[in-house]
Amino acid sequence: MIGTGAVVAQTAPTLEPLNAATGIFGYIWLLIALPLAGAIILLTTGRLLQRWGHLLAVALVSAAAILGIAMLIEMMGRAAEDRAFEQTLFTWVFAGQFNVDAAFQLDQLSMVFVLLITIVGSIIHIYSIGYMAHDPDRRRFFGFLNLFIAAMLLLVLADNYLLLYVGWEGVGLASYLLIGFWQYKSSAAAAAKKAFVINRVGDVGLSLAIMLMFVTFGSVTFDTVFANAGEASDSTLTWIGLLLLLAAAGKSAQFPLQAWLLDAMEGPTPVSALIHAATMVTAGVYLIVRSNAIYDRTVFAATAVVVIGVITMIIGAVIGSAKDDIKKALAGSTMSQIGYMVLAAGLGPVGYVFAIFHLLTHGVFKANLFLSAGSVMHGMNNGVNMRRFGALRAAMVVTFAAFTAGYLAIMGIPPFSGFYSKDKIIHAAFEQNNIVGIAAVLAAGITGFYMTRIMVMTFLGKARWEDDAHPHESPPVMTIPLIILGIGSAFLGMALVYWGDIESWLAPVTGIEDRPLAIATWLLELITLGVVLMGVAAAVWVYRHNVPIEPPQKVSALTVAARQNLYDDATNDLVAVRPTWYTARFLVWFDNRAVDGFVNGSAAAIGGLSGRLRRLQTGFTRTYALVMVVGVVVVLATLALVMLP
Amino acid sequence: MNPENYIILSGLLFTIGALGVLIRRNAIVVFMSVELMLNAANLAFVSFARINGDLDGQVVAFFVMIVAAAEVVVGLAIIVTIFRTRRSASIDEPNLLKY
């Protein structure tokens, strides 16, 4: 937490004992088991399910979604302190003092994640039926999608860090498999490997944090760790906080581990929407918010979270402003928006709720934007270059309408959903620190720029289509999910504020705090809106003429840098790849010269010596006889010398 | 007669036998030299039995004779076989078993 301010209202997170899972909550395990069963069936039965396997996958995820909704209704009927449940399946690890149960925890925070994952997941599953209709490997695709849903649910339902880690690795695996789904494209295979390797860096942070927790607290369950967090030393908590931040940075594509997300767009578009926009990349935000008991007690780590969030928020927006690939532009936007969430999560109790709130609205409107982009690609021969789009609003009316809803939502135009969540984050940022607040407003302005740029280049202006492009609207199986998500983009924010009361819903888990600002809230919202509209106006001004098909070369240094992703690949190359490469080269040289030299040299010496020694074996019987006689004489002479006094 | 003279004779016979083994090339002669060494040893055993006044040496001498008889059987068979294949009884010539 940075700075201070007069605290008006503050609620600390309540560490209520968890209720035993009864009634419908006895089926928490089923939430994970359903999609997992789908993954196992689809991936092991081979061609048997080729024709209807995708329907099975959709049915299982939808069943999990319905179960989740039923649990939500049941949970809402209970008192606020009575909404957290715990279900222990079995003792998973039993080794001396290290005991871990396979146990689930369903509380208000997990609940909203379960709903986001299963509902958005179901919608994207349905969309994929149409999007992947012509892919011969559609069954495998749905198997991987189900695997992802199961792993992600495990991640958010685990009641200890070790089980969370299993889900964490599971989503990483699913992400790898799905980025590289078209592995015959070398770019996709390379992107998958890149995502996997960079994620490993973050995973090391998580595993070290878990080890440190076990050493410090003797347990890795959320309950024990959070209840005893106050007794640990400051430096220990700071280290745990920083290691968890490293993990979050890897999974959520935050600076300095952000390089993989743009390449991850090599995967099919539903994957980009589900994993690399709506759910998996927000796992880092979940991790930080879930560990709020740790971050509340370590100012240094919390400040580091804010700094990382601010940096990523800005660089993501800048990169998104320069990309001609529609998916990469949206990926830059995702980085930027997750930067907002991480920033909010680092602010402490003033921000946790809004980090999750923005995560939910972002999950819906970004999925909407990505699926709209996928629908555009579907109609444009899988082209992604926005310089060859333009004037698609007439050809794809539904897609255009859905994209517009997402467009207004991400910019935070009231009353679309982004307005409620993003302005809350900006408000919270100003409560803590003016510089952070100004950065958040600035990023909102850049958001207006890059989103308008995508809008203008794709749907407005004149057609710059390739000769063989015949844009057409997608089939209903794709447009109906778009309509649902478009409605969600428009109204989810309002619904969560006025009907769902997200702040008091999450407060028992995350705590909440409200501080007065020097300026009125409505004035801050007006200023933010003004900055966003300036961004919009700037994009309209820049793209007022027809967009050139070839990207202009005479551009500012910032644009050049942004086209190169702000040189993150070059930096990684310089910092990590080349030193590793040179170390490997040196070790190979050392192995060839020094180690092999010693081994081969001694072998040659022995070999040469034995080559000389074997000359003693002459084959002449009389030589041997002479040696024998001499030997006997020597032995006898020695005996005589020794035995006779 | 002084038994020690037999010991000296035994030493002389053994030395002659050993030299015969080392110097002569004809396998038959080498073989005979080996027999000479065995009999020199027998003579020493018997002389020692006489000097010590017990029968141990004489018993061992019998064993040596039996071993020598067996050795003659095997050795002559080898020599005859080598002679048949190589048309020579020189022991320098079969030197294939070497480096």
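From a predicted model like this one, the values you see are computed outputs, not experimental measurements.

Comments concerning the overall build of chain B
Looking only at helices and strands, chain B features 3 helices and 0 strands. Along chain B, helices and strands appear, N-terminal first, in the series α-α-α. Relative to a compact globule of 99 residues, whose C-alpha radius of gyration would be 13 Å, chain B shows 16 Å and is clearly more extended. The principal-axis extents of the C-alpha atoms in chain B amount to approximately 50 × 25 × 25 Å. In chain B, buried positions account for 13% of the 99 residues. Summarising the internal contacts of chain B: among those between residues at least 6 apart in sequence, 46% fall at separations of at least 24.

Here we look at unusual backbone geometry
Residues and elements named next belong to chain A. Note the cis peptide between phenylalanine 255 and proline 256, where omega equals 0°. On the secondary structure map, proline 256 appears in the loop between α8 (234-251) and α9 (259-263). Between proline 414 and the following residue, proline 415, the backbone shows a cis peptide bond with an omega angle of 5°. Inspection of the secondary structure assignment puts proline 415 in the loop between α16 (397-411) and α17 (417-432). At alanine 391, a position not held by glycine, the phi torsion is positive, near 60°. Structurally, alanine 391 is set in the loop between α15 (352-379) and α16. The backbone of leucine 566 shows a phi angle near 55°, a positive value even though the residue is not glycine. When you line up the elements, leucine 566 lands in the loop between α22 (557-563) and α23 (568-613).

Considering the sheet that holds strand β4 (residues 98-106) of chain A
Residues and elements named next belong to chain A. Strand order in the open sheet made by the 3 strands is β2-β3-β4, with mixed pairing throughout. Single-partner strands in this sheet number two, and they are β2 (19-20) and β4. Inspection of the sheet shows β2 paired to strand β3 (residues 85-95) by 2 bridges, in the parallel sense. Within β3, the residue paired with asparagine 19 across the bridge is phenylalanine 85.

Description of the interface of chain B and chain A
In this complex, chain B contributes 10 residues to the contact, which on the side of chain A involves 11 residues. When the residues that make up the side of chain B that touches chain A are grouped by side-chain class, the tally is 7 nonpolar, 1 polar and 2 charged.

Describing helix α6 (residues 186-217) of chain A
The first and last C-alpha atoms of α6(A) sit 46 Å apart over 32 residues, in line with the 46 Å expected at 1.5 Å per residue. A:Val201 marks the point of greatest bend in α6(A), at about 25°.

Re the confidence of the model for chain A
Averaged over all residues, the pLDDT of chain A equals 89, while 98% of them reach at least 70. Looking over chain A, one finds the lowest element-wise mean pLDDT in strand β1 (residues 9-11) of chain A, namely 65, and the highest in helix α5 (residues 161-179) of chain A, namely 94.

Some points on the nonpolar core
A:Phe148, A:Leu153, A:Leu343, A:Ile356 and A:Ala367 are the most contacted members of the largest nonpolar core, which has 210 residues in total. At 16 residues, the largest contribution of residues to this core is made by α15(A). B:Ala18, B:Val21, B:Phe31 and B:Ile91 belong to the second largest nonpolar core, which has 6 residues in total.

Concerning α17(A)
In an α-helix there are 3.6 residues to a turn, and that puts residues three or four apart on one side. For α17(A), which comprises 16 residues, the first-to-last C-alpha distance of 24 Å matches the rise-based estimate of 22 Å (1.5 Å per residue) to within 8%. Burial of α17(A) is extensive: 16 of the 16 residues sit out of reach of the surface.

A closer look at the confidence of the model for chain B
When pLDDT is averaged across chain B, the result is 91; 100% of the residues are at 70 or more. For this predicted complex, the interface score ipTM comes out at 0.87, while the overall pTM is 0.79.

Quick word on the packing of α6(A) against α8(A)
All names here are of chain A. Between α6 and α8, the shortest axis-to-axis distance is 7 Å and the interhelical angle comes to 155°. The angle between α6 and α8 places the two elements in the roughly antiparallel class. Crossing hand, α6 versus α8: left-handed. Together, Ile198, Asn199, Val201, Gly202, Asp203, Gly205, Leu206, Leu208, Ala209, Leu212, Met213 and Thr216 of α6 and Thr236, Trp239, Ile240, Leu243, Leu244, Leu246, Ala247, Ala249, Gly250 and Lys251 of α8 make up the contact between the two elements. In terms of residue class, the contact of α6 with α8 is built from 14 nonpolar, 6 polar and 2 charged.

Brief notes about the packing of α17(A) against helix α21 (residues 521-542) of chain A
All names here are of chain A. One can describe the packing of α17 onto α21 by two numbers: an axis separation of 10 Å at closest approach and a directional angle of 115°. Accordingly, the angle class assigned to the pair α17 and α21 is roughly perpendicular. In this structure, the crossing between α17 and α21 has a hand that is right-handed. The residues of α21 that touch α17, namely those facing Asp423, Ile426, His427 and Phe430, are Thr521, Leu524, Glu525 and Thr528. In terms of residue class, the contact of α17 with α21 is built from 3 nonpolar, 3 polar and 2 charged.

Thoughts on the environment of A:Ile338
Residue and element names in this part refer to chain A. Positionally, isoleucine 338 belongs in helix α14 (residues 326-346). On a C-alpha basis, the gap between isoleucine 338 and alanine 355 in space is 8.8 Å, while along the polypeptide they are 17 residues apart. Apart from the residues lying within four places of it in its own chain, the contact partners of isoleucine 338 are Ser252, Ala253, Gln254, Val281, Thr282, Val285 and Thr312.

Parameters at a glance
Along each chain, residue indices are assigned from 1 in the same order as the chain's sequence is written. Chains carry letters from A onward and ligands carry numbers from 1 onward, assigned in written order. Per-residue local features are limited, in this predicted model, to residues with pLDDT of at least 70; the limit for side-chain atom pairs, both in listing and counting, is 80 or more; totals at the level of whole chains, interfaces and linings are taken over all residues. Only DSSP runs of H or I with at least four residues qualify as helices, and only runs of E with at least two residues qualify as strands; both kinds are numbered from the N terminus onward. For the radius of gyration, the atoms used are the C-alpha atoms, and the globule rule reads 2.2 Å times the number of residues raised to 0.38. Working definition of burial: number of other C-beta atoms within 10 Å of the residue's own, with buried at 20 or more, exposed at 12 or fewer, and partly exposed in between, all C-beta atoms being placed from the backbone. With C-beta atoms placed from the backbone, a contact is any residue pair whose C-beta atoms sit within 7 Å. At least two DSSP bridges between two strands are required for those strands to pair. Each residue receives one of three labels: charged for Asp, Glu, Lys and Arg, nonpolar for Ala, Val, Leu, Ile, Met, Phe, Trp, Tyr, Cys and Pro, and polar for the others, Gly being one of them. Take the number of residues in a helix, subtract one, and multiply by 1.5 Å to get its expected span. A residue's bend is given by the angle between axes fitted to the 7 residues ending at it and the 7 residues starting at it. As a per-residue measure, pLDDT reflects the predictor's confidence and takes values from 0 up to 100. Put simply, a nonpolar core is a cluster of buried Ala, Val, Leu, Ile, Met, Phe, Trp, Tyr and Cys residues tied together by C-beta atoms within 7 Å. Axis definition: a line fitted to C-alpha atoms, over the contacting stretch in the case of helices. Angles run 0 to 180 degrees between N-to-C directions. For classification purposes, an angle smaller than 35 degrees is called roughly parallel, one larger than 145 roughly antiparallel, one from 65 to 115 roughly perpendicular, and anything else oblique. Left-handed describes a crossing in which the near helix is turned anticlockwise from the far one by less than a right angle; the clockwise case is right-handed.

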